[in-house]
There are 2 protein chains.
Amino acid sequence: MDKIMRYPDRARTERAQLDAVLDAAPMGTLATVVDGLPWAVPMLYARDGDRILLHGSTGAGALRQVAAGAPAALCVAMLDGIVVADTLFDSSANYRSAVVRGNLVTLGEDESADALNALSDVLIPGRSTEVRGHRRKELAATLALALPITPGQWTVKVRDAPPGEPAETSSAWAGVVPVRSVAGAPVPAPWVASGTPVPASVSRLTRTA
Amino acid sequence: MDKIMRYPDRARTERAQLDAVLDAAPMGTLATVVDGLPWAVPMLYARDGDRILLHGSTGAGALRQVAAGAPAALCVAMLDGIVVADTLFDSSANYRSAVVRGNLVTLGEDESADALNALSDVLIPGRSTEVRGHRRKELAATLALALPITPGQWTVKVRDAPPGEPAETSSAWAGVVPVRSVAGAPVPAPWVASGTPVPASVSRLTRTA
């Protein structure tokens, strides 16, 4: 993680590699500039073709400022492993990361419903078909945004390897401790009647995670 | 995640709550402003009392710019669960997040060794005592930075709850799919002789994750 600038081979340049990283994480950090200062907030997102969908409340002040076309950067990163070398200097991390830069676009109310469905279906595939449609007041209370994916405006870095081989002979153990994110068994809300079937989308989520 | 500004009860104001969030994640996103534009990069970090330690290569151009005292924001976020309501509008996420704002300080070579040990020991507790000390050329190649934790310059938000109870009577399932990060069994590097004992720090990591 720390030394990405010194290891240009960690950079990935194919668009498919960007998509693979973006599609693997549900959450990123949206960074922008507010009054000349850095501003950052974690956000759920979904890639939809050549754009990244985001959403927030129309009541969120800073987000409105971003939505007004200010330049933004979405940073997505997943820690995949702790890379243990025989020295701290050569220890590292396996990770996948992407940064997408661009100007956010506010979606109109007509586009918002589809964008919100897409956001939900990335987090819980198929969920949007199990629930009622969006109500007008819900759409009015939601700010749906898109960050376009533009050539030259993104970077991807991946490290997926054992530690580098030590320059000096060493009999010490070295290797990788893999790290991954797993979904647990669904926990029903307190008011849900016992025996209420878990929606198919939720069952799939737990099975495939 | 999306509606944090509308739910002020998600904000946490105790310093201990900030520390708990910071200490639970190994990786954050460092955001700053470069030439008036947002700049963001994922970084491993460690809290050390009232400061956050970061490191990078002295060869990393953008990081040097940050190190030169530019204002920065470190955003840390963990997704803890997918909150499934009976409507998409009321669906949400359980998460812990923190943003710490401040000006980065470059650490001198004498402070760097301790900072790098602390960074390593947060990721792999006890590891720094199992390996040889840092060499001068290693310290010279490493940029160790500290972001001070200053009152009024941080925010913490936590959502850890079932979905809100539906306003309308519903017989539908609702609840939370918990998400967590787990460490797998250590994978030795290809050149490591079979039977080489796994270091105690690495064994503990896998057991306790």
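Residues numbered from 1 in each chain as written. Chains lettered and ligands numbered in written order. Predicted model: local features only at pLDDT ≥ 70, side-chain atom pairs only at ≥ 80, totals over all residues. Heavy atoms only, no water.

**A look at the overall build of chain A**
Next up, step 1: Helices and strands together make up the secondary structure of chain A, namely five helices and 12 strands.
Next up, step 2: Dimensions of chain A, computed from C-alpha atoms along their principal axes, come out at roughly 65 × 50 × 30 Å.
Next up, step 3: Expressed as a percentage of its 209 residues, the buried residues of chain A come to 50%.
Next up, step 4: The long-range share in chain A, meaning contacts at least 24 apart out of those at least 6 apart in sequence, stands at 74%.
Next up, step 5: Total accessible area on chain A is roughly 9,100 Å²; 53% of this is exposed by carbon and sulfur atoms. (Helix = DSSP H or I, 4+ residues; strand = E, 2+ residues; numbered from the N terminus. Buried < 20%, exposed > 50% of the residue type's maximum accessible area, 1.4 Å probe, protein only. Contact = heavy atoms within 4.5 Å. Areas by Shrake-Rupley, 256 points an atom, 1.4 Å probe, with all protein chains shown as cover.)

**Section: the relation of the copies chain A and chain B**
Next up, step 1: Expressed as a screw operation, the relation of chain A to chain B combines 0.0 Å of axial shift with a rotation of 180°, fitting to an RMSD of 0.0 Å. Such a combination of rotation and displacement between the chain copies is what one expects of a two-fold axis. For chain A, the minimum C-alpha distance to the rotation axis belongs to A:Ser181 and amounts to 2.1 Å.
Next up, step 2: Here 100% of the interface residues in chain A have copies in chain B that are interface residues too; the copies meet face to matching face. (Least-squares fit on C-alpha atoms with pLDDT ≥ 70 in both.)

**Let's talk about the side chain of A:Ser91**
Residues and elements named next belong to chain A.
Next up, step 1: Note on placement: Ser-91 falls in the loop between β6 (71-84) and β7 (92-103).
Next up, step 2: Using a relative accessible area of 16% as the deciding quantity, one classes Ser-91 as buried.
Next up, step 3: Among the polar contacts made by the side chain of Ser-91, one reaches the main-chain amide nitrogen of Ala-85 at a distance of 3.1 Å. (Polar contact = N/O pair within 3.5 Å; in protein donor to acceptor, adjacent residues only side chain to side chain.)

**A short note on the state of the cysteines**
Next up, step 1: One pass over the full model with this rule turns up zero disulfides over all chains.
Next up, step 2: Free of any disulfide, A:Cys75 has its nearest neighbouring cysteine sulfur in B:Cys75, separated by 9.3 Å.
Next up, step 3: On the basis of relative accessible area, B:Cys75 is assigned to the buried category, the value being 1%. (Disulfide = S-S within 2.5 Å.)

**Points about the interface of chain A and chain B**
Next up, step 1: With 90 residues of chain A at the contact, the number on the chain B side is 91 residues.
Next up, step 2: Both sides together, the interface formed by chain A and chain B hides about 7,100 Å², and carbon and sulfur atoms give 74% of it.
Next up, step 3: Ranking the residues of chain A by area buried against chain B places A:Leu88, A:Trp173 and A:Trp191 at the top, with a combined share of 12%.
Next up, step 4: Viewed at the interface, chain B and chain A are joined by zero salt bridges.
Next up, step 5: Partitioning the side of chain A that touches chain B into residue classes produces 59 nonpolar, 21 polar and 10 charged. (Buried area = accessible area lost by both parts, 1.4 Å probe. Salt bridge = Lys/Arg side-chain N within 4 Å of Asp/Glu carboxyl O. Nonpolar A, V, L, I, M, F, W, Y, C, P; charged D, E, K, R; others polar.)

**Topic: the pairing of strand β11 (residues 175-183) of chain A**
Next up, step 1: Bridge count for β6(A) against β11(A) is four bridges, and the pairing is antiparallel. By the bridge assignment, A:Ile82 is partnered in β11(A) with A:Val177.
Next up, step 2: Here β11(A) pairs with strand β11 (residues 187-188) of chain B via two bridges, running antiparallel. Looking at the pairing, A:Gly175 lines up with B:Pro188 of β11(B). (Pairing = 2+ DSSP bridges.)

**Topic: the pairing of strand β5 (residues 71-84) of chain B**
Residue and element names in this part refer to chain B.
Next up, step 1: Most of β5 sits inside the fold, with 11 of its 14 residues counted as buried.
Next up, step 2: Sheet topology places strand β2 (residues 27-34) next to β5; four bridges connect them, and they run antiparallel. Note that in β5 the partner of Leu-30 across the bridge is Leu-74.
Next up, step 3: Pairing between β5 and strand β6 (residues 92-103): 12 bridges, direction antiparallel. Bridging across to β6, Ala-73 finds its partner in Arg-101.

**Some details on the pattern of salt bridges**
All names here are of chain A.
Next up, step 1: By the definition in use, this model includes 16 salt bridges over all chains.
Next up, step 2: Measuring nitrogen to oxygen at the nearest pair gives 2.8 Å for the salt bridge that ties Asp-23 to Arg-47. Here Asp-23 is found in helix α1 (residues 15-24), whereas its partner Arg-47 is found in strand β4 (residues 46-48), with 24 residues between them in sequence.
Next up, step 3: A relative accessible area of 43% places Asp-23 in the partly exposed class.
Next up, step 4: The class of Arg-47 is partly exposed, set by a relative accessible area of 24%.
Next up, step 5: The partner of Glu-130 in a salt bridge is Arg-127, with the nearest N and O atoms 2.9 Å apart.
Next up, step 6: The class for Arg-127 is buried, based on a relative accessible area of 4%.

**Observations concerning the environment of A:Lys157**
Next up, step 1: Its location among the elements puts A:Lys157 in strand β10 (residues 154-159).
Next up, step 2: Considering only alpha carbons, one finds A:Lys157 and A:Arg12, 145 residues apart in sequence, at a separation of 5.8 Å.

**Here's the deal with unusual backbone geometry**
Next up, step 1: Unusually for a residue other than glycine, A:Asp35 sits at a positive phi of about 55°.
Next up, step 2: Accessibility expressed as a relative area gives 71% for A:Asp35, which makes it exposed.

**Considerations on helix α3 (residues 109-123) of chain B**
Side chains that are three or four residues apart share a direction in an α-helix, a result of its 3.6 residues per turn.
Residues and elements named next belong to chain B.
Next up, step 1: Here α3 spans 22 Å end to end across 15 residues, near enough to the 21 Å set by a 1.5 Å rise per residue.
Next up, step 2: Along α3, the residues that are buried comprise Ser-112, Ala-115, Leu-116, Leu-119, Ser-120 and Leu-123. In a view along the axis of α3, the buried residues occupy a sector of 135°, so they form one face of it. Counted as exposed and oriented over 90 degrees from the buried face of α3: Asp-110 and Asp-114. (Expected span 1.5 Å × (residues − 1). Arc of directions from axis to C-beta.)

**Details of the confidence of the model for chain A**
Next up, step 1: In the predicted model, chain A carries a mean pLDDT of 89, and 91% of its residues have values of at least 70.
Next up, step 2: Scored below 50 in pLDDT, residues 1-6 of chain A shows 25 contacts in the model against residues more than four places distant or in partner chains. (pLDDT = per-residue confidence, 0-100.)

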